[in-house]
Amino acid sequence: MIEIGVLLGLMVVLAVTLIVKLVRRGSGTTRNADGLLIEQTRRVQAYNDRVSYNANTMHGSSPTMSDNYRS
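Each chain has its residues counted from 1, following the order in which its sequence is written. Reporting in this predicted model follows two pLDDT cut-offs: at least 70 for local features of residues, and 80 or more for side-chain atom pairs to be given and counted; totals over whole chains, interfaces and linings ignore these cut-offs and use all residues. Computation of side-chain values: all heavy atoms of the structure, hydrogens and water removed.

### Section: the overall build of the protein
- Counting from the N terminus, the helices are DSSP H or I runs at least four residues long and the strands are E runs at least two residues long. Helices and strands together make up the secondary structure of the protein, namely 3 helices and 0 strands.
- For the protein, the N- to C-terminal ordering of α and β elements is α-α-α.
- Relative accessible area decides the class of each residue, using a 1.4 Å probe on protein chains only: under 20% of the type maximum gives buried, over 50% gives exposed, and in between gives partly exposed. Burial statistics for the protein: of 71 residues in total, 1% are counted as buried.
- Method for areas: the Shrake-Rupley scheme with a 1.4 Å probe, in which residue coverage is limited to the protein chains shown. Surface exposure of the protein reaches about 7,200 Å², of which carbon and sulfur atoms provide 61%.

Shown next as structure tokens:
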């Protein structure tokens, strides 16, 4: 029974440690203009990829419509 308590205690300590680390890190600011430009370029590229490779563009119909080739 003691082993289970120790195991659960270690798991709780690990979870709290990870939560504290993530909260402290937060969404840090970029320190220079190069980082801002890189973030902006990646954000624009991600948007273009979402628009270019959506279901309607790739298949000509939404994924919830029935298959035209099935009988």
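From this point, the narrative continues.
### Quick look at helix α1 (residues 2-25)
- Here the expected span of a helix is defined as 1.5 Å times the quantity of residues minus one. Between the first and last C-alpha of α1 there are 35 Å, a value that for 24 residues agrees with the 34 Å anticipated at 1.5 Å per step.
- Burial within α1 is sparse, with just 0 of its 24 residues counted as buried.

### Topic: the confidence of the model for the protein
- Here the protein averages 79 in pLDDT, and 69% of its residues register 70 or above.
- As a per-residue measure, pLDDT tells how confident the predictor is, with possible values from 0 to 100. Looking over the protein, one finds the lowest element-wise mean pLDDT in helix α3 (residues 55-59), namely 64, and the highest in α1, namely 93.

### Section: a nonpolar patch on the surface
- Nonpolar side chains (Val, Leu, Ile, Met, Phe, Trp, Tyr) are joined into patches within 5 Å and like charges within 9 Å, using only residues with over 30% relative accessible area and no salt bridge. Salt bridges are counted wherever a side-chain nitrogen of Lys or Arg sits within 4 Å of a carboxyl oxygen of Asp or Glu. Together, Met 1, Ile 4, Leu 7, Leu 8 and Met 11 make up an exposed nonpolar region whose accessible area comes to about 580 Å².
- Relative to the assigned elements, Leu 8 resides in helix α1.

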